Amino acid sequence: MVEDLFDLEDEGGVDLVYSHTMLHHLEDYRAGLEHLKSLVRPGGTVALIDNVCDLYPTPPRKAYTWPWPALWSFPR
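Residues numbered from 1 in each chain as written. Predicted model: local features only at pLDDT ≥ 70, side-chain atom pairs only at ≥ 80, totals over all residues. Heavy atoms only, no water.

1. Observations regarding the nonpolar core
Then, number 1: The biggest cluster of nonpolar side chains holds 7 residues, and these are Leu-5, Val-17, Leu-23, Tyr-29, Leu-36, Leu-39 and Val-40.
Then, number 2: The dominant element in this core, judged by the number of residues it contributes, is helix H1 (residues 29-39), at 3 residues.
Then, number 3: In this view, Leu-39 contacts Leu-8, Glu-9, Asp-10, Gly-13, Val-14 and Val-17; residues no more than four positions away in its chain are not counted. (Core = buried A, V, L, I, M, F, W, Y, C linked by side-chain atoms within 4.5 Å. Buried < 20%, exposed > 50% of the residue type's maximum accessible area, 1.4 Å probe, protein only. Helix = DSSP H or I, 4+ residues; strand = E, 2+ residues; numbered from the N terminus. Contact = heavy atoms within 4.5 Å.)

This is the structure we're talking about:
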């Protein structure tokens, strides 16, 4: 299923929001973070894995896949 992040709503809140390598695709990832936070009830958890930063742009895919020896050094 594919949906727009900003279309997701849960008035009662959820216990856990998990986002994996999605935020860097948003035009305004800070607004995305705020929206994810709004979905979680008090005491809930937001777990994020991504590569966004205000200081540096998101590297292109080739930065992670070239040269090939760089791939060999990643843990399995």
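2. Structural notes on H1
Then, number 1: Within H1, the full set of buried residues consists of Tyr-29, Gly-32, His-35, Leu-36 and Leu-39. Taken down its axis, H1 places every buried residue within 110° of arc, on the same side. The exposed set on the far side of H1, more than 90 degrees from its buried face, consists of Glu-34 and Lys-37.
Then, number 2: On its buried face, H1 sits against strand E1 (14-20) and strand E2 (40-49). (Arc of directions from axis to C-beta.)

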